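Read off the chains here:
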Amino acid sequence: MPLRLYFFCIIFTGVSSLGWAQQTVKESTGVYQFLTDDPNQKPFYDDRKGVTAKNGMVASAHPEASRVGMEILRAGGNAIDAAVAVQFALAVVHPSAGNIGGGGFMVLRTNDGKSTSIDFREKAPQKADADMYLDEAGNVIPKLSTQGRLASGVPGSVAGMAEAHAKYGKLSWKAVLQPAIDLAKNGVIQTEKEAKGLNRIKDRLLALNPGTSYFQKSNGQPWDAGDLLVQKDLAKVLQRIQKKGSDGFYKGKVAKMLAREMSTNNEGILSKSDLANYNVAWRPTIHEAYKQYNVISMAPPSSGGIALVQLLRLIEPYPIKRWGWHADSTLQVTIEAERRVYADRAKFLGDPDFVKIPVPTLMSKTYLANRWKDFSWSQATDSKDIEGGVIPGYESMETTHFSVVDKDRNAVSVTTTLNGGYGSLIVVKGGGFFMNNEMDDFSVKPGVPNMFGLIGNKANAIAPNKRMLSSMTPTILEKDGDLFMVVGTPGGSTIITSVFQTIVNVIEHGMNMQEAVNALKFHHQWLPDKTMFETNAFSEKTIQNLQQKGYKLEKLSNTLGRMDCILVGQDGWLQGGSDPRGDDTSVGY
C-alpha cells in the first residue's frame, strides 16, 4: 500500500527586510556585515524564507521528491530510507538530473558520530580506451563524449541505493521504492521549469531517439506548467528493481534493453557484461578539521572533499569574518585560493583504484603554505604561471543534490547526476529513462577542456572499468563533535566553490541556512582565467578595484549552484535551505 502524505508542522523563518549600508544583522549563528554603500549590491538572490522543524528535514531539487522523503521519515524510516526513496523519486519527477541511468556519491553520518561514503560513480565500459573520442589526427571529435550512445558510462545509481539500504535501511525495500512507482504510474504535474526543460530538448530528443515518443505530449504540443507526465515504462522498470533489488536493473530484462539500446547502429560500447560486473565502492570519507568544525566529505574519485578542505585551509589564516561578505580582501583571497585548488585538481586527481593520489599531502598546511608563496595583494596571479603543486616523489601521469536528517540525527548527503542536463539525451527503449553522458568527465585528451571548461590530465585519462573524476561535493559538518550541517549542490565545475562559499557564509558571515543558500556566488577554476559572478554579487566599486589588480571578471546572466542544505540551529531545531533558483524545496516535521 502506498504511503500517504500526512500534515507537516512547518515553521518559516529567514530573511527580513534588510538595509545595506554598513548594517549589522544578528542571527542565531553569529553576526555578518555588509560593507557597501551600493543599494544594488544585495547579497541575497532571493528573499525566500527557510523552513525549521524539530524532528526531520528533507531538502531536494523537487517538491514531490522532498515530500516523498518526508513520508518515509514519518512512516518510521531513517535518513537512509528517505534518501533512497528521494533518489528514485527524483528519477521520475526531475528527469534532467534525477536518475537511474547515472551515478553519484553518498556521504552519511550516523547518530553515533561514525561516517562513511558510498561511491556509486559510473565506470567506463570494458571496451573503452584513452583515444576513443579522437579522430585519426588525434583531435577531439565534437559532441562524441557528450551526446549519443558512446557518451555513457556504466550507471551506478541503483546499485548505490541498494547497498546503502542493505546496510543501513530500516523500512523494507518495497516500501522505499513504492512512492516513485506511484509517481511514474499516476503521473507528475510539470512545474514551469520542468516544462521548459523538456521543450528545450524536444528536437534533439526526437533526432536521437527515432520512433519513440518519450517525454513528448500525446498531441505533439509543447509542455506547459500543470501538464501531467505519465511514465508507464519507467514504472515497470522500478517495479522490477523493487522486486529483485539491483539485479532487477543490472541483470535480466532491463539489462538486455539497456545493452540493446547502447548497441543501436553500433554506436555504443556498453554491454550486458559491463552491467553485470558493476560494483559500488565503500570509501573512507575525507575527514578534516577547520577551526572547531569537522568537515566530512567525499574522497576521490570525487575531487570535492580534497578541494573543499584545501580552500578552507587556504583562507583560514585570514580574518574573513571581520572583513565581511564579499569585501575586496575576502574576494581576492578566495579567488586566489580557488585558482590554486583547481590547478591541483587537474594535475593530481582521478580514480584512486587506478592512480596514486597524494591525499594527505594535498591537504597539509605545509604544502598549502608553499602554494601560497606567490600570492600578492597588489596583483592578480596569472593562471598561466600556476600549475599543480610540486610533491616530492610524485609522478604525474546536470547534477542534483539532496540532504536528509532524521529525528535521531542520522544525516545523509547525496549528489547524483547524469552529467549534462538529460545526460546523453538517449532514452532506453522499453525503459523510459535517460542515460548519462559521464564519459565527458574523463580527460578525453590531456589539456583539452570538457563541457564545463575543466582541464584534465593523465590521472583522469579513460581506461576500462575506471571511474571518471567528479566535482560533486556531498558534505556533512560537525561542530564540537555534534551534527552541524548537511550541504551540497549540482553545478558541474562550480559545485566545489558553491559548497565552499555556502559553508563560509554560515561559519564566517553568520548567515542562517536559507540566507547562505540564497546568497549570490562567484567562481574561479584556474582555467579559463576568469572569475564568473552572479549579477549584483559584486559592487561596482569592488569590480573596479579587482580589475585594477588584473582580475578578469565575467558577469553571468544565469546562476551558480542550486543548494539543498540543512543546518542544526543552536536550539537543536533543523533549518532547511533550498535554492530559489530552481524548484528546490525543503520539507520538515
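Conventions adopted
Residues numbered from 1 in each chain as written. Predicted model: local features only at pLDDT ≥ 70, side-chain atom pairs only at ≥ 80, totals over all residues. Heavy atoms only, no water. Phe/Tyr/Trp six-rings, centres within 6.5 Å; stacked < 30°, edge-to-face > 60°. Lys NZ or Arg CZ within 6 Å of the ring centre and 35° of its normal. Helix = DSSP H or I, 4+ residues; strand = E, 2+ residues; numbered from the N terminus. Polar contact = N/O pair within 3.5 Å; in protein donor to acceptor, adjacent residues only side chain to side chain. Contact = heavy atoms within 4.5 Å. UniProt positions renumbered as here; feature names shortened; annotations may be inferred. Buried < 20%, exposed > 50% of the residue type's maximum accessible area, 1.4 Å probe, protein only. Pairing = 2+ DSSP bridges. Axes fitted to C-alpha atoms, helices over the stretch in contact; angles between N-to-C directions. Parallel < 35°, antiparallel > 145°, perpendicular 65-115°, else oblique. Nonpolar A, V, L, I, M, F, W, Y, C, P; charged D, E, K, R; others polar. Left-handed = near helix turned anticlockwise from the far one by under 90°. Patch = residues over 30% accessible without salt bridge, like charges linked within 9 Å, V, L, I, M, F, W, Y side chains within 5 Å. Areas by Shrake-Rupley, 256 points an atom, 1.4 Å probe, with all protein chains shown as cover. Salt bridge = Lys/Arg side-chain N within 4 Å of Asp/Glu carboxyl O.

**Student:** Is there a simple way to think about the packing of aromatic side chains in this case?
**Tutor:** Any two aromatic rings considered together are summarised by their centre-to-centre distance and by the angle between their planes. Across all of its chains, the model carries 16 aromatic pairs by this definition. An aromatic cluster is present here, built from Tyr318, Trp323, Trp372, Phe375 and Trp377 joined pairwise through their rings. In this structure, Lys167 is placed above the aromatic ring of Trp282, and the distance from its NZ or CZ to the ring centre is 4.6 Å.

**Student:** Looking at this structure, I do not really get unusual backbone geometry. What am I missing?
**Tutor:** Excluding glycine, most residues fall at negative phi; most peptide bonds, likewise, are trans. The omega torsion across Pro300 and Pro301 is 20 degrees, close enough to zero to call that bond cis. Examined against the element boundaries, Pro301 turns out to sit in the loop between β12 (293-297) and α11 (304-315). Cis geometry marks the peptide bond from Leu527 to Pro528, where omega comes out at -5 degrees. Residue placement: Pro528 occurs in the loop between β17 (522-523) and β18 (531-534). Unlike most non-glycine residues, Tyr422 shows phi in positive territory, near 65 degrees. With respect to the helices and strands, the residue Tyr422 is situated in the loop between β14 (411-417) and β15 (475-479).

**Student:** Sorry if this is basic, but what is going on with the side chain of Asn505 here?
**Tutor:** Along the polypeptide, Asn505 turns up in helix α16 (residues 495-507). Here the side chain of Asn505 touches Ala516 through a polar contact of 3.4 Å, landing on its backbone oxygen. In contact with Asn505, other than residues within four places in its own chain, are Trp325, Gly510, Met511, Ala516 and Ala519.

**Student:** Looking at this structure, how should I read the UniProt feature "active site" (unreviewed entry) in the protein?
**Tutor:** According to UniProt, the positions carrying the feature "active site" (unreviewed entry) are Thr399. You can see Thr399 is positioned in strand β13 (residues 399-405). By relative accessible area, which is 6% here, Thr399 ends up buried. Ignoring sequence-local partners within four residues, the contact set of Thr399 consists of Ala97, Thr415, Thr416, Thr417, Asn419, Met472, Pro490, Gly491 and Ile495. Side-chain polar atoms of Thr399 contact the side chain of Thr417, separated by 2.8 Å.

**Student:** Can you help me understand the sheet that holds strand β6 (residues 103-109) in this one?
**Tutor:** Each strand in a sheet pairs with another by means of backbone hydrogen bonds, the pair being arranged parallel or else antiparallel. Overall, antiparallel pairing links the seven strands, which are arranged β10-β7-β6-β14-β13-β5-β22 in an open sheet. Of all the strands in the sheet, the pair left with one neighbour each is β10 (281-283) and β22 (585-588). When the angles between neighbouring strand axes are averaged without regard to direction, this sheet yields 15 degrees. Where strand β7 (residues 115-120) meets β10, three bridges bridge the pair, whose relative direction is antiparallel. Residue pairing in the sheet places Ser117 in a bridge with Arg283 of β10. Of the strands in this sheet, β5 (57-60), β6, β13 and β14 touch helix α2 (residues 79-93), which is tilted by about 155 degrees from β13.

**Student:** Help me understand the sheet that holds strand β19 (residues 553-556), please; the structure alone is not making it clear to me.
**Tutor:** Read across the open sheet, the three strands follow the order β17-β18-β19; overall the sheet is mixed. Where the open sheet ends on each side, the last strands, each with one partner, are β17 and β19. Relative to β18, β17 is paired through two bridges, and the arrangement is antiparallel. What sits directly across from His523, in β18, is Met532.

**Student:** Even after reading the chapter, I still don't get the packing of helix α4 (residues 173-186) against helix α7 (residues 232-244), so can you show me in this structure?
**Tutor:** The geometry of a pair of packed helices is captured by two quantities: the angle between their axes and the separation between those axes. At their nearest, the axes of α4 and α7 sit 8 Å apart, and the two run at 170 degrees to each other. It follows that α4 is roughly antiparallel to α7 by the angle criterion. Taken together, the residues of α7 that come into contact with α4 (itself represented by Trp173, Lys174, Leu177, Gln178, Ala180, Ile181, Ala184 and Lys185) are Lys232, Ala235, Leu238, Gln239, Ile241 and Gln242. Along the lines of polarity and charge, the residues of the contact of α4 with α7 split into eight nonpolar, three polar and three charged.

**Student:** Even after reading the chapter, I still don't get the packing of helix α1 (residues 63-74) against α2, so can you show me in this structure?
**Tutor:** α2 packs onto α1 with a crossing angle of 150 degrees between their chain directions and a minimal axis gap of 8 Å. The angle between α1 and α2 falls in the class roughly antiparallel. Crossing angle aside, the handedness with which α1 passes α2 is right-handed. When α1 is examined against α2, the residues Glu64, Ala65, Val68, Gly69, Ile72 and Leu73 are found in contact with a partner set consisting of Ala79, Asp81, Ala82, Ala85, Val86, Ala89, Leu90 and Val93. Looking at the contact of α1 with α2, its residues break down into eleven nonpolar, one polar and two charged.

**Student:** Would you mind going over a nonpolar patch on the surface with me for this structure?
**Tutor:** Together, Ile189, Leu228 and Val230 line one region of the surface with nonpolar side chains, adding up to about 270 Å² of accessible area. With respect to the helices and strands, Val230 occurs in the loop between β9 (228-229) and α7. Judged by relative accessible area, Val230 falls into the partly exposed class, the value being 38%.

**Student:** Can you help me understand the pairing of strand β4 (residues 49-53) in this one?
**Tutor:** Every other side chain in a regular strand lies on the same face of the sheet, so the side chains alternate between the two faces. Where burial is concerned, most of β4 is hidden: four out of the five residues are buried. With three bridges joining them, β4 and strand β21 (residues 574-578) adopt antiparallel strand pairing. Pairing of Thr52 across the sheet is with Gln575, part of β21.

**Student:** Where do I start with the environment of Ile286 in this structure?
**Tutor:** Assignment of secondary structure puts Ile286 in strand β11 (residues 286-290). Between the C-alpha atoms of Ile286 and Asp353, which are 67 residues apart in sequence, the distance is 16 Å. Sequence-distant contacts of Ile286, defined by excluding residues within four places in its chain, comprise Val295, Ile296, Ser297, Met298, Ala299, Gly305, Ile306, Val309, Val359 and Met363.

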